[in-house]
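# Structure at a glance
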Amino acid sequence: MSQNETPLFSGLLAHAKKNPIQFHIPGHKKGAGIDPEFRSFIGDNALSIDLINIGPLDDLHQPKGIIKQAQDLAAEAFGADRTFFSVQGTSGAIIAMVMAVCGPGEKIIVPRNVHKSVMSAIVFSGSIPVFIHPEIDKELGISHGITNEAVERALEQHPDAKGVLVINPTYFGISADLKKIVEIAHSYHVPVLVDEAHGVHIHFHDKLPLSAMQAGADMAATSVHKLGGSMTQSSILNVKEGLVSAKRVQSILSMLTTTSTSYLLLASLDVARKQLATKGRDLIDRTIKLAESIRKRINEIDHIHCIGEEILGSKATFDYDPTKLIISVKELGLTGYEVEKWLRERHNIEVELSDLYNILCIITFGDTEHEAAILVNALKELADECEHRKEKIEPVEVLLPEIPLLALTPRDAFYSETEVIPFEESEGRIIAEFIMVYPPGIPIFIPGEIITKENLHYIRKNLEAGLPVQGPEDDEIKTIHVIKEYKAIK
């Protein structure tokens, strides 16, 4: 088949055109039974292909027809042996990826700055994480990737590990030397699993970091919806066979995936693959040029810095994605969250994320010079306002969380008997729940880690800044679940 074809989307359209009488779910029956206001907004076309896995439309759990054809085309486009569609987002694909290689008591080597879905997979599988410290950027207050040397040391100490997980690129667009990491892991016959949530586009342009499949990785969970043009919650899992069994991956995915799969999401993956494979290079080329133009203009504004190639050169910053705009605002004397709120309230601009020191804006082939000019002009206005403040601008001091010690496996901690204590009195205890700022969703604490004074302070600073601290059952984070301790009987 040709990459210009869309077997899944075309098959859905052909089926809808027949207008069959439906005695099957979904119950809205092509929109006839749905709320009229919602139907008017969504439109009859979308509702006509909101279907279910009846015979002519194949079944994601055991594809043999149009879904298989669409997945085969995706595998060809991404350089994989097998590609699986996910309607559970990349989080679902990551959990399946980890569980396909790791079982209870087995080790997996992971960076500590992984997304919460990786830690969820570790809890579900019962595997034991061997953490690698990521490189920390003390200027930006963010984590980068892991070094080749750290991977080598981890494998020397734990040659029985069942997998090495790498983030490529990070949320902020930074890549380590993935090809070298793959070579090191494969020398130990250990598969490399890649969280490629923020890198669907990198496979299709040679000015971007190497993709997981180009670097020879064994599996990669990739968010097509984030930067590749499909609908939210639609992702793929790319597999190279050898150290990994594609049949086992399919079985695990099937266990984790709803049996009522969304054909709207599946069709959007099919058409996004077509666009990336046939027009991706040109679209991404234009996107890179637009992003570089925005970066140049932002860097002409006083007290605001948009990070570029100067970030490269350390052992963990091997390459970067220029379409990610990391905008440091600490010299304005403001937190990233204050800038996010100001842009929202004053200019109706929404950014990808903010933290204590930066905002992150992503540029895709959905953006134009129109949006670029609005962003640049808004940042100029903000800098002017700060410049004319009566009080002197004091740059925000960068505060970094430390990586806590792991006292129990995440699974053991998650399922242990717990007690609820005041947050302020939790130093030294073993935490039984996650705490993270989302986005980016990198845990400050995971179940099983020892609570430190420094990280309690870091959490307080994020709360005071108004950032979205998530995880604990107590939304206000006044109390926290810890492993129950028993005092000796007198």
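This section reports on the structure supplied with the text. (Residues numbered from 1 in each chain as written. Predicted model: local features only at pLDDT ≥ 70, side-chain atom pairs only at ≥ 80, totals over all residues. Heavy atoms only, no water.)

Turning our attention to the sheet that holds strand β13 (residues 324–328). In spatial order, the strands read β11-β13-β15-β14; together these four strands make up an open sheet with antiparallel pairing. Across the chains shown, the open sheet's two edge strands, defined by having one partner strand only, are β11 (305–306) and β14 (353–354). By the bridge criterion, two bridges tie β11 to β13 in an arrangement that is antiparallel. Considered in β13, the bridge of H305 is made with S328. Packing of helix α12 (residues 336–347) onto the sheet brings it into contact with β14 and β15 (358–362), and relative to β15 it is tilted by some 50°. (Pairing = 2+ DSSP bridges. Helix = DSSP H or I, 4+ residues; strand = E, 2+ residues; numbered from the N terminus. Contact = heavy atoms within 4.5 Å. Axes fitted to C-alpha atoms, helices over the stretch in contact; angles between N-to-C directions.)

Of all five residues in strand β10 (residues 235–239), five are buried, a share of seventy percent or more. Neither face of β10 is open: one carries S235, L237 and V239, the other I236 and N238, and all of them are buried. Where strand β1 (residues 82–86) lies against β10, five bridges are found, and the strand directions are antiparallel. Looking at β10, one finds that F84 is bridged to L237. Where strand β9 (residues 219–222) and β10 come together, four bridges link them in antiparallel fashion. Within β10, the residue paired with T222 across the bridge is I236. (Buried < 20%, exposed > 50% of the residue type's maximum accessible area, 1.4 Å probe, protein only.)

It is worth spelling out the pairing of strand β2 (residues 107–111) at this point. Most of β2 sits inside the fold, with four of its five residues counted as buried. Pairing of β2 with strand β3 (residues 128–132) involves five bridges; the strand directions are parallel. When the bridges of β3 are listed, K107 appears paired with I128. Crossover handedness for the path β2 to helix α6 (residues 116–125) to β3: right-handed. (Right-handed = clockwise from strand over helix to strand, strands pointing away.)

Strand order across the open sheet formed by three strands is β18-β17-β19, with antiparallel pairing between neighbours. The sheet is open, and its two edges are formed by β18 (442–445) and β19 (469–470), each paired on a single side. With three bridges joining them, strand β17 (residues 435–437) and β18 adopt antiparallel strand pairing. Across the sheet, M436 pairs through a bridge with P443, a residue of β18. Helix α15 (residues 453–465) rests against β17, β18 and β19 of the sheet, and its axis sits at about 125° to β18.

The next thing to look at is the packing of aromatic side chains. All told, the structure shown has three aromatic pairs when counted by the stated rule. Note on F78 and F204: the rings are 5.2 Å apart at their centroids and 80° apart in plane angle, and the pair reads as edge-to-face. Of this pair, F78 sits in helix α4 (residues 66–78) while F204 sits in the loop between β8 (192–196) and β9, and the two are 126 residues apart along the sequence. Here F78 falls in the buried class, since its relative accessible area comes to 4%. When the centroid spacing of 5.2 Å and the interplanar angle of 85° are considered together, the rings of F414 and Y415 count as edge-to-face. Above the plane of the ring of Y438 lies K116, whose end atom (NZ or CZ) is 5.2 Å from the centre. (Phe/Tyr/Trp six-rings, centres within 6.5 Å; stacked < 30°, edge-to-face > 60°. Lys NZ or Arg CZ within 6 Å of the ring centre and 35° of its normal.)

Moving on: a nonpolar patch on the surface. Together, F38, F41 and I42 make up a nonpolar patch on the protein surface, roughly 340 Å² of accessible area in all. Tracing the backbone through its elements, the reader meets F38 in helix α2 (residues 36–42). On the basis of relative accessibility, which here comes to 40%, the residue F38 falls in the partly exposed class. (Patch = residues over 30% accessible without salt bridge, like charges linked within 9 Å, V, L, I, M, F, W, Y side chains within 5 Å. Areas by Shrake-Rupley, 256 points an atom, 1.4 Å probe, with all protein chains shown as cover. Salt bridge = Lys/Arg side-chain N within 4 Å of Asp/Glu carboxyl O.)

Remark: helix α1 (residues 7–18) packs on helix α11 (residues 263–298), axes separated minimally by 7 Å, with the N-to-C direction vectors making an angle of 130°. The angle between α1 and α11 falls in the class oblique. Listed contacts from α11 to P7, L8, F9 and L12 of α1 are Y263, L266, A267, D270, V271 and R273. (Parallel < 35°, antiparallel > 145°, perpendicular 65-115°, else oblique.)

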